[in-house]
Amino acid sequence: MLVALTGVEKTYASADGPQRVLQGVDLTLDAGRSLALTGESGSGKSTLLHLVGGLDVPDAGRVMVGGQDLSRLDDAGRARHRREGVGIVFQQFNLIPSLDVAANLSFQARLAGRHDPAWSARLLDRLGLTGLAGRYPEQLSGGQQQRVAIGRALAARPPLILADEPTGNLDEATGDAVLDLLLDLVRDTGTALLMVTHSTRLAARLDARAHLSRGRLA
Amino acid sequence: MTGAALSALWGHWRRHPGQSLTLVLGLALATALWSGVQAINAEARASYDRAAAALGQNDLDTLGASDGRLFDQSAYVDLRRAGWLVSPALEGRLRVGERSVTLRGLDPLTAPLAANPVDLSDPGDLAPFLRGEVGYLHPETLATLDPTLLPLRVAPALRLPLGVLIVDIGAAQRLLDQPGRVSHLLVWPNQPRGLPALDAVAPDLVRRAPQARADVASLTDSFHLNLTAFGFLAFAVGLFIVHSAIGLAFEQRRTTFRTLRALGLPAGRLVGLLAAEVTLLALLAGGIGLGLGALVAALLLPDVAATLRGLYGAEVTGALTLRPAWALAGLGLALAGAFAAAAQGLWRVLRLPVLAPAQPRAWLRASDRGLVVQAAMAALLLILAGIIALTATGLIAAFVLLACLLLGAALALPPLLSGLLALAARRTRSVLGQWVLADTRQQVPGLGLALMALMLALAANIGVGTMVSSFRMTFTGWLDQRLASEFYVTGRTQDEADAIRALLAPQALAVLPIWRAAQPLAGAPGEVYAVADHPTYRDNWPLLRAGPQVWDRVADGTGLLINEQLWRRSGLQLGDRLDLPGWSAPVVGVYSDYGNPKGQVMLSPDRFTALYPDAPRLGMAVRIAPEAIPALRAAISDRFGLPDALMIDQAAVKRFSLGVFERTFAVSGALNVLTLGVAGFALLTSFLTLAAMRLPQLAPIWALGLTRARLARIELARAAILAALTALYALPVGLAMAWTLLAVVNVEAFGWRLPMFLFPGQWAVLGALALGAALLAAVWPVRRLARTPPADLLKVFAHDR
Ligand SMILES: Nc1ncnc2c1ncn2[C@@H]1O[C@H](COP(=O)(O)OP(=O)(O)OP(=O)(O)O)[C@@H](O)[C@H]1O
Ligand SMILES: [Mg+2]
């Protein structure tokens with residue numbers, strides 16, 4: 001079992017008092033499998049993803065990834081988890097504006113010390129980015145940017161990809177194409193995928209689905 | 001609509017109090033330094049004008065004895081009878097206890113208006129004045145005197161020059177014990193037609209054109225120009241802050257602007273509102289700046305006054321009077337500065353497309369084209385500076401050269417940094433290093449202005465520091481040469497001086513004359529000194545240029561020496577003849593004469609006595625063993641009752657000279673420190689505002705597996721790199737500035753050129769200071785970053801900001 005959440009709770013402070021976003025979530029995901037996470041806006045999907053990614057820690061409960069309890073790690077340990085244990089694809093604010101496409105794509109892999117030039121080149125090719133390698137993010141379209149982000153998440157060959165509405169900013173056709181690529185690559189590399197999406201149509205294409213509502217999974 | 005728009009626009013300032021503070025404070029500081037300097041200059045100028053106006057010598061011809069002595073007032077009566085419009089005046093020194101004042105007797109009934117600085121139009125004032133019961137003094141002079149010792153009642157009058165007591169001519173004759181005598185007659189500007197010739201009526205009197213006393217103003221011009229240049233530099237540095245604060249405020253409100261435009265607000269109206277906003281902020285900041293400026297001026301004025309007195313003998317009041325014109329000019333400048341800083345932003349708003357997507361980070365983007373343009377402008381300015389350095393002369397040209405040099409160097413900094421960082425990024429193998437360098441390069445346009453301000457402040461510090469230290473080193477060495485004699489004595493009268501000389505001669509190794517006479521030289525006030533033929537001078541005198549057998553030729557009266565100021569001003573070369581009234585001789589040597597604005601000639605005592613038989617020969621330099629001085633001092637004091645002030649030993653003169661020197665540069669030093677402070681502030685605000693905008697750039701790096709602590713360390717290193725590069729770059733710029741000051745500005749302003757010495761110790765201190773300032777400025781935002789809770793970092797990904 002790659003990911004195992006038990007009794008996870010998370011509360012955020014907000015203007016009108018504490019807001020209990022997650023109220024005891026249990027969830028598991030096996031290596032190489034894919035899971036779609038759906039739910040209303042504000043239901044806590046992103047929050048859950050962030051906990052799995054080691055970006056934040058739960059107030060209660062356990063988040064185990066690759067046999068490690070993330071809450072027990074210190075700042076440096078969680079940074080290492082982000083670097084080596086997962087690849088994250090956000091909806092936006094994703095790429096580093098001062099680096100070109102090639103450098104963006106290999107950035108995390110090089111941080112993690114797992115840079116494989118051949119693999120990066122192959123990713124560039126598969127993502128249709130070879131001709132754009134020297135460009136900067138601001139010179140790319142939204143779909144192109146998202147493809148670079150996917151490439152970056154995969155470049156270090158992490159066991160798990162977390163994607164938070166990776167196509168939310170794209171039009172349907174582009175979104176579908178990007179998603180096809182992501183699913184293809186995940187399948188080919190045997191990487192597990194936890195993806196947040198609003199769309200039941202997209203969710204249907206993954207191995208499993210979970211719905212978040214009122215702080216719990218249904 | 002307008003009201004709604006206003007509240008939308010103003011909301012920004014309420015939500016960003018730090019930014020409002022930066023803007024107002026930046027502009028206020030800039031205005032403060034500028035208007036402070038202006039207040040000082042205005043005060044000094046008012047003092048000079050007062051001195052000139054009260055003398056009446058500014059515009060009035062005078063009649064006096066050819067030998068400058070007093071003459072009988074019957075000459076006045078004769079002239080009046082012949083129809084000449086003249087008025088009698090008697091001037092002399094009056095002792096008041098320990099101090100003395102210039103006593104000036106006037107006849108208020110016949111004196112031309114220009115010569116009458118006291119308003120006596122009220123008969124109640126006039127009568128006691130005519131009776132000799134009342135005199136007038138500047139209140140500041142009055143404050144330094146013991147009123148019980150004054151021989152008559154004294155009323156304050158603000159328009160009077162310092163140290164001058166104005167009384168009726170009759171009272172002056174009584175007080176100076178010169179009944180019926182006058183020192184000169186003031187000649188009305190418009191005389192009746194058909195007057196008999198002056199020679200016929202008063203053959204002993206000569207008519208003199210307005211005396212060049214007001215020259216004090218022209219002598220000090222260069223000093224004030226120096227101050228003004230400094231004030232301007234500080235203002236420019238301040239404007240950098242304002243520019244970046246306004247730019248940021250505009251950039252952050254881009255979405256607001258767009259929304260307002262989309263809702264139907266015409267672009268012109270929007271720009272109008274923003275202009276009104278800038279005006280309001282500028283007036284607020286200008287007002288604060290004026291207050292601070294008055295404070296700066298009040299703090300610096302005593303030093304400036306001391307400098308002007310020590311260097312030029314110009315009396316300047318130590319108290320500040322603020323004039324409405326000054327306040328208006330200050331506010332005007334604040335407005336102009338604010339609009340200069342906001343122009344780019346307003347222009348962008350005017351051309352803002354309504355529909356383009358908001359791009360808040362565009363402000364930070366390295367616009368390579370912008371950098372190229374900047375580099376081109378910098379090159380142009382530096383080339384211009386080179387041309388001026390090679391061809392132009394004059395003080396204004398010197399300052400233009402300085403301005404071109406500094407501005408060009410400042411403009412070149414961001415492109416240079418950007419290029420350097422790009423180069424380094426290409427050569428770095430580490431992934432983080434690459435990112436840091438590339439990212440820093442993107443920050444250069446955003447930090448550019450603050451870095452330019454820091455660079456300017458550092459360069460100015462290095463430049464002025466090098467100048468002052470070089471000057472000090474030259475000056476102390478020069479003092480040792482010039483003050484070779486151990487003891488200096490001045491008699492109060494000719495008889496006394498002769499008696500002292502007789503007393504000293506057997507006891508001392510040598511008693512050398514210090515005689516001087518005022519003598520216009522090369523069209524400016526100057527003086528002639530006697531120099532004895534003695535090893536004291538042969539071995540020590542600081543000659544810059546010397547012909548063969550220079551001392552022999554001075555001694556035998558076939559040559560003369562001139563000081564560097566006169567040499568440069570007159571263009572005389574060795575061997576050229578200098579004309580004095582009644583004598584002319586070739587220049588055989590040039591000596592350095594720092595701290596003296598006047599031209600000077602030295603010739604043998606025999607020649608001196610022949611040319612200036614009337615000049616008092618009161619001073620003497622005594623060569624003697626230092627241990628013998630106290631006994632000698634006591635002996636003179638016992639025999640002649642000579643006050644201590646007239647017996648000075650070498651050490652005291654040196655102390656005094658160095659004191660004058662230090663005060664002269666105290667003002668530059670203070671302005672320097674203030675400029676550096678302003679630059680530090682600019683850096684802090686830039687780092688703070690950038691830090692607020694940096695979260696979206698740092699959050700992805702954090703998410704990709706870096707700890708916040710590590711990121712914070714990187715940010716700190718980034719600030720250090722930028723500051724270090726800037727400081728490194730400021731060094732050659734500062735040295736170029738020092739060279740310009742020493743070799744061009746000083747020559748034009750004071751007439752002397754100084755050798756340049758290098759002081760690496762100073763550089764190290766300044767470099768450390770710059771680094772410290774940058775780290776200090778960066779530490780606050782960095783600490784904030786290190787403590788940002790993950791939840792806040794995550795917001796970057798969760799919302800579209
Ligand atoms: N960093 C944060 N700080 C404070 N509150 C937060 C933070 N992140 C999320 N929240 C709050 O927690 C709740 C859940 O947010 P979350 O982003 O997880 O929802 P979501 O399911 O991803 O919604 P969406 O579909 O709109 O992205 C929201 O009400 C949000 O306001
Ligand atoms: Mg979300």
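Residues numbered from 1 in each chain as written. Chains lettered and ligands numbered in written order. Predicted model: local features only at pLDDT ≥ 70, side-chain atom pairs only at ≥ 80, totals over all residues. Heavy atoms only, no water.

A.B. asks: Honestly, the environment of Met737 of chain B in this entry has me stumped. Any pointers?
C.D. replies: Residues and elements named next belong to chain B. Note that Met737 resides in helix α22 (residues 708–749). Judged by its relative accessible area of 4%, Met737 is buried. The contact partners of Met737, leaving out residues within four places of it in the chain, are Leu402, Leu405, Leu406, Ala459, Ala460, Gly463 and Val464. (Helix = DSSP H or I, 4+ residues; strand = E, 2+ residues; numbered from the N terminus. Buried < 20%, exposed > 50% of the residue type's maximum accessible area, 1.4 Å probe, protein only. Contact = heavy atoms within 4.5 Å.)

A.B. asks: I'm lost on the sheet that holds strand β10 (residues 216–217) of chain A in this one. Help?
C.D. replies: Strand pairing within a sheet occurs via backbone hydrogen bonds; the two strands may be parallel or antiparallel. Residue and element names in this part refer to chain A. Judged by pairing direction, the sheet is mixed, and its six strands sit side by side in the order β6-β7-β8-β3-β9-β10 without closing on themselves. At either end of the open sheet lies a strand with only one pairing partner, and these are β6 (86–89) and β10. One ladder, built from two bridges, connects strand β9 (residues 208–213) with β10; its direction is antiparallel. Bridging across to β10, Ser213 finds its partner in Arg216. Set on the sheet, helix α1 (residues 45–52) makes contact with β3 (34–39), β6, β7 (160–164), β8 (192–196) and β9; between it and β7 the angle comes to about 155°. (Pairing = 2+ DSSP bridges. Axes fitted to C-alpha atoms, helices over the stretch in contact; angles between N-to-C directions.)

A.B. asks: Can you help me understand the interface of chain A and chain B in this one?
C.D. replies: One frequent convention defines the size of an interface as the accessible area lost when the parts assemble. With 24 residues of chain A at the contact, the number on the chain B side is 30 residues. Interface of chain A and chain B: buried area, both sides summed, is about 2600 Å²; carbon and sulfur atoms make up 63% of it. Where chain A packs against chain B, one counts one salt bridge. For Asp75 of chain A, the salt bridge goes to Arg708 of chain B, with nearest N and O atoms at 3.1 Å. Counting across the chain A and chain B interface gives six residue pairs in polar contact (both at pLDDT 80 or more). Within the residue set of the side of chain A that touches chain B, elements represented by two or more residues are α2 (75–85) and α3 (101–111) of chain A. The dominant element in the side of chain A that touches chain B, judged by the number of residues it contributes, is α2 of chain A, at five residues. (Buried area = accessible area lost by both parts, 1.4 Å probe. Salt bridge = Lys/Arg side-chain N within 4 Å of Asp/Glu carboxyl O. Polar contact = N/O pair within 3.5 Å; in protein donor to acceptor, adjacent residues only side chain to side chain.)

A.B. asks: What is the right way to look at a nonpolar patch on the surface in this model?
C.D. replies: Together, Leu284, Ile288, Leu292, Leu295 and Leu299 of chain B give the surface a local cluster of nonpolar side chains, amounting to about 460 Å² of exposed area. Position of Leu292 of chain B among the secondary structure elements: in helix α10 (residues 267–312). (Patch = residues over 30% accessible without salt bridge, like charges linked within 9 Å, V, L, I, M, F, W, Y side chains within 5 Å. Areas by Shrake-Rupley, 256 points an atom, 1.4 Å probe, with all protein chains shown as cover.)

A.B. asks: Would you explain the site of ligand 1 in this entry?
C.D. replies: Near ligand 1 there are 15 residues, and of these Gln19, Ser41, Lys45, Ser46 and Thr47 of chain A occur at the shortest range. Bordering ligand 1 are residues originating from chains A and B. One nitrogen or oxygen atom from the main chain of Ser43 of chain A is found 3.2 Å from an oxygen atom belonging to ligand 1. Interatomic distance of 2.7 Å between a side-chain N/O atom of Ser46 of chain A and an oxygen atom of ligand 1. Here ligand 1 loses 79% of its free accessible area of 620 Å² to cover by the protein chains. Where the shell around ligand 1 is concerned, the elements lending two or more residues are β2 (17–29) and α1 of chain A together with α24 (790–798) of chain B. (Near = heavy atom within 4 Å.)

A.B. asks: Would you mind going over the packing of helix α14 (residues 431–482) of chain B against helix α23 (residues 760–787) of chain B with me for this structure?
C.D. replies: All names here are of chain B. Between α14 and α23, the least distance of the axes is 11 Å, while the angle of their chain directions is 155°. Looking at the two axes, α14 sits roughly antiparallel to α23. Crossing geometry of α14 relative to α23 is assigned as right-handed. Judged by residue contacts, Leu458, Asn461, Ile462, Gly465, Thr466 and Ser469 of α14 engage Gln762, Trp763, Leu766 and Ala770 from α23. Grouping the amino acids of the contact of α14 with α23 by side-chain chemistry returns five nonpolar, five polar and no charged. (Parallel < 35°, antiparallel > 145°, perpendicular 65-115°, else oblique. Left-handed = near helix turned anticlockwise from the far one by under 90°. Nonpolar A, V, L, I, M, F, W, Y, C, P; charged D, E, K, R; others polar.)

A.B. asks: Is there a simple way to explain the pairing of strand β16 (residues 560–563) of chain B in this structure?
C.D. replies: The side chains of a regular strand alternate between both faces of the sheet. Residues and elements named next belong to chain B. The alternating pattern of β16 places Leu560 and Ile562 on one face and Leu561 and Asn563 on the opposite face, and all of these are buried. As judged from the two bridges shared by β16 and strand β19 (residues 599–603), these two strands associate in the antiparallel manner. From the neighbouring strand, Leu561 faces β19, where its bridge partner is Met602.

A.B. asks: Would you mind showing me how to read the environment of Lys45 of chain A here?
C.D. replies: All names here are of chain A. Along the chain, Lys45 falls in helix α1. A relative accessible area of 5% means that Lys45 is categorised as buried. In this structure Lys45 touches Leu37, Thr38, Gly39, Glu40, Glu165, Val196, His198 and Leu212, once residues within four positions along its chain are discounted. Within polar-contact distance, the side chain of Lys45 engages the backbone oxygen of Gly39 at 3.1 Å.

A.B. asks: How should helix α5 (residues 142–155) of chain A be read in this particular structure?
C.D. replies: For an α-helix, 3.6 residues make a turn, and residues three or four places apart therefore share a direction. Residue and element names in this part refer to chain A. Spanning 14 residues, α5 covers 20 Å between terminal C-alpha atoms, matching the ideal 20 Å at 1.5 Å per step. With eleven of its 14 residues buried, α5 lies for the most part within the structure. If you check which residues of α5 are buried, you get Gly143, Gln144, Gln146, Val148, Ala149, Ile150, Gly151, Arg152, Ala153, Leu154 and Ala155. Buried residues along α5 sit in contact with β6, α3, α4 (117–126), β7 and α6 (172–189). One or two residues past the end of α5 sits Arg157, with phi positive at roughly 50°. (Expected span 1.5 Å × (residues − 1).)

A.B. asks: What exactly am I supposed to notice about the environment of Asp168 of chain B here?
C.D. replies: Residue and element names in this part refer to chain B. Mapping Asp168 onto the fold places it in strand β7 (residues 164–168). As a C-alpha pair, Asp168 and Phe129 span 39 residues in sequence and 6.2 Å in three-dimensional space. Discounting chain neighbours no more than four positions away, the residues touching Asp168 are Gly105, Leu106, Asp107, Pro108, Phe129 and Leu130. Separated by 3.0 Å, the side chain of Asp168 and the backbone nitrogen of Gly170 make a polar contact.

A.B. asks: What exactly am I supposed to notice about the side chain of Ser120 of chain A here?
C.D. replies: Mapped onto the fold, Ser120 of chain A is located in helix α4. The contact partners of Ser120 of chain A, leaving out residues within four places of it in the chain, are Leu105, Ser106, His115 and Ala155 of chain A.

A.B. asks: I would appreciate a short explanation of the pattern of salt bridges in the present structure.
C.D. replies: Charged atoms that come close allow side chains of opposite charge to pair. Applying the stated criterion to the full structure yields 23 salt bridges over all chains. We note a salt bridge from Asp184 of chain A to Arg126 of chain A, for which the minimum N-O separation is 3.9 Å. Linking Asp184 of chain A in helix α6 with Arg126 of chain A in helix α4, this pair joins segments that are 58 residues apart in sequence. The partner of Glu91 of chain B in a salt bridge is Arg104 of chain B, with the nearest N and O atoms 3.0 Å apart. Note that Glu91 of chain B is positioned in strand β3 (residues 86–96) and Arg104 of chain B in strand β4 (residues 99–106), a separation of 13 residues in sequence. Looking at Arg104 of chain B, the relative accessible area reads 5%, which means it is buried. When salt bridges that share partners are traced, they join Lys10, Asp56 and Asp59 of chain A into one network.

A.B. asks: Whenever I open this one, the sheet that holds strand β12 (residues 510–514) of chain B confuses me. Can you help?
C.D. replies: Residue and element names in this part refer to chain B. Read across the open sheet, the four strands follow the order β12-β20-β11-β21; overall the sheet is antiparallel. Looking at strand neighbours, the two that pair on one side only are β12 and β21 (647–649), the edges of this open sheet. Direction aside, neighbouring strands of the sheet carry axes that sit 25° apart on average. Relative to β21, strand β11 (residues 487–490) runs antiparallel, the two being bridged by three bridges. The residue bridging Val489 from the neighbouring strand is Met647, located in β21. Running over the sheet, helix α15 (residues 494–504) touches β11, β12 and β20 (619–623) and is turned about 10° from β20. Where helix α20 (residues 629–640) meets the sheet, its contacts fall on β11 and β21, and the angle it forms with β21 comes to roughly 175°.

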